[in-house]
Amino acid sequence: MKNGQFLSAALTPSRDIDTLRMLSPLLWQCGSLLLNLVSGIGVVLANKLAFTAARFTFPTALTAIHYACCYLLLLCVAAVKPLHSEEHVFDRQMIATTSVWALHNALSNLSLSRNSVGLYQISKIMVSPLIVTIEFAIYGRLPHKKLILPLIGACLGVALATVSDISFETRGALTALASACASSVLKVLQQDVLQRREWSSLELMRRTWGPQLLLLLVSIPLLDSHAARLPYYELTPSRLGILLLSAAASFALNVSSLYAIQLTSAMALVLLGQGKTAMTLLGGYLFFDGQPNARQLCGSALALTSIGTYGYLSTVLSREKKHQSTSIAAPAESEEELLEKERG
């Protein structure tokens, strides 16, 4: 009888609900990171199609097309579901976020078109230490000592797995450095805005993408070397379809990136992006006819192991922090209740 009572108590709906509540944040985090992984691969492939199959050799103009299509979609969503707060909040932080966001996307496509794969990957690896530096300089935050070794292992592993051909050219190297700096600053700003103001990803995009689009349109003649040929571009139905596909992939990537930053952290999102190439290399070797060398295989294994360790330790440390804050708050509540009882 006691065993039966124990089993029935263990399977009560309240316990199931509590279990689901504990698991739901983790499931949302995993889902957002998975969506970001898929959309990140999709946007790279779609942009490559736009540059090659559609022969659209205007990186900044392509970014502007992404923003124009996505902003129209955001306006349609806003007509159906208005913002939580309609007052126009556009302070210095929002101006900085908007400017850096527009500059980052333009520089990223420009760096991809100007640099070799090796130098482009090095610029992506630089984002992790830059985020640590920026967060310490602005907020005085440093990673937990348990996370430092996985961070170093992830950067080293990605470097071993991806960096091979490095053709150095001054203009391309400066573009890659500027892109890495803009990406780092943007991730930190987005995390701060989303978590402090408690906005959704769509809300932040609605408030910033209009000004970003204007900045990008102004930047086209400055950043696209062949901008004078843009009015003479031959737009066919198939090319239009490729450009719209690229815009759709970009929208999914931006939404999933912001949502993942809000639920996790800027560093977690950057590490996920760095692990994409390592996963591709290992997947090609295990399931297809890929022929990576020993250095690439070891680097991929090191990167994925380090990123997994970082994710696990971050989750454990986050739970410990929440548990400590709850245990500190509990005595305060009980003391208040006792005082109220004494007064009553």
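In what follows, the accompanying structure is described. (Residues numbered from 1 in each chain as written. Predicted model: local features only at pLDDT ≥ 70, side-chain atom pairs only at ≥ 80, totals over all residues. Heavy atoms only, no water.)

Applying the stated criterion across every chain, the model contains two salt bridges. A salt bridge links Asp 192 to Arg 196, with the nearest nitrogen and oxygen atoms 2.9 Å apart. Taken together, the residues span about one helical turn, with Asp 192 and Arg 196 both in helix H8 (residues 170-197) at a distance of four residues. Accessibility expressed as a relative area gives 9% for Asp 192, which makes it buried. Judged by its relative accessible area of 61%, Arg 196 falls in the exposed class. With a closest N to O distance of 3.4 Å, Glu 203 and Arg 207 form a salt bridge. You can see Glu 203 and its partner Arg 207 sitting in helix H9 (residues 201-223), four residues apart, about one turn around the helix. Look at Arg 207 and you get buried, because its relative accessible area is 8%. (Salt bridge = Lys/Arg side-chain N within 4 Å of Asp/Glu carboxyl O. Helix = DSSP H or I, 4+ residues; strand = E, 2+ residues; numbered from the N terminus. Buried < 20%, exposed > 50% of the residue type's maximum accessible area, 1.4 Å probe, protein only.)

Attention now moves to a nonpolar patch on the surface. A contiguous nonpolar patch, built from Leu 156, Leu 160 and Leu 302 and spanning about 210 Å² of accessible area, is present on the exposed surface. Its place among the elements puts Leu 160 in helix H7 (residues 145-162). When its relative accessible area of 30% is taken as the criterion, Leu 160 is described as partly exposed. (Patch = residues over 30% accessible without salt bridge, like charges linked within 9 Å, V, L, I, M, F, W, Y side chains within 5 Å. Areas by Shrake-Rupley, 256 points an atom, 1.4 Å probe, with all protein chains shown as cover.)

In this structure the tally under the stated criterion is five aromatic pairs. With a centroid separation of 5.1 Å and an interplanar angle of 90 degrees, the aromatic rings of Phe 56 and Tyr 233 are classed as edge-to-face. One end of the pair, Phe 56, is in the loop between helix H2 (13-52) and helix H3 (59-80); the other, Tyr 233, is in the loop between H9 and helix H10 (237-263), with 177 residues separating them in the sequence. As far as burial versus exposure is concerned, Phe 56 and Tyr 233 are alike and both buried. Note on Trp 101 and Trp 209: the rings are 6.0 Å apart at their centroids and 80 degrees apart in plane angle, and the pair reads as edge-to-face. Remark: Trp 209 occurs in helix H9 and Trp 101 occurs in helix H4 (residues 92-114); sequence separation between them is 108 residues. There is no split in this pair, since Trp 101 and Trp 209 are both buried. Every member of this aromatic cluster is reached through a ring pair, and the members are Phe 56, Phe 58 and Tyr 233. (Phe/Tyr/Trp six-rings, centres within 6.5 Å; stacked < 30°, edge-to-face > 60°.)

Our focus in this paragraph is unusual backbone geometry. Apart from glycine, the bulk of residues carry a negative phi angle, and the bulk of peptide bonds sit in the trans form. Phi is positive for Arg 55, which is not a glycine, with a value near 55 degrees. Mapped onto the secondary structure, Arg 55 falls in the loop between H2 and H3. For Arg 55, a relative accessible area of 58% corresponds to the exposed category.

Turning our eyes to something else, we now look at the environment of Leu 253. Mapped onto the fold, Leu 253 is located in helix H10. Along the backbone, Leu 253 and Leu 35 are 218 residues apart, and their C-alpha atoms lie at a distance of 7.9 Å. Not counting residues within four places of it along the chain, the set of residues in contact with Leu 253 comprises Asn 36, Ser 39, Gly 40 and Val 43. (Contact = heavy atoms within 4.5 Å.)

Time to look at the nonpolar core. Judged by nonpolar contacts, the single largest core of 34 residues is most densely connected at Phe 56, Trp 101, Leu 204, Met 205 and Trp 209. Listed by contribution, the elements that provide at least two residues to this core are H2, H3, H4, H8, H9 and H10. Once residues lying within four places of it in the same chain are set aside, the contact partners of Met 205 are Leu 74, Trp 101, Phe 251, Asn 254, Val 255 and Leu 258. Ala 154, Ala 180, Met 267 and Val 270 belong to the second-largest nonpolar core, a separate cluster that totals 15 residues. (Core = buried A, V, L, I, M, F, W, Y, C linked by side-chain atoms within 4.5 Å.)

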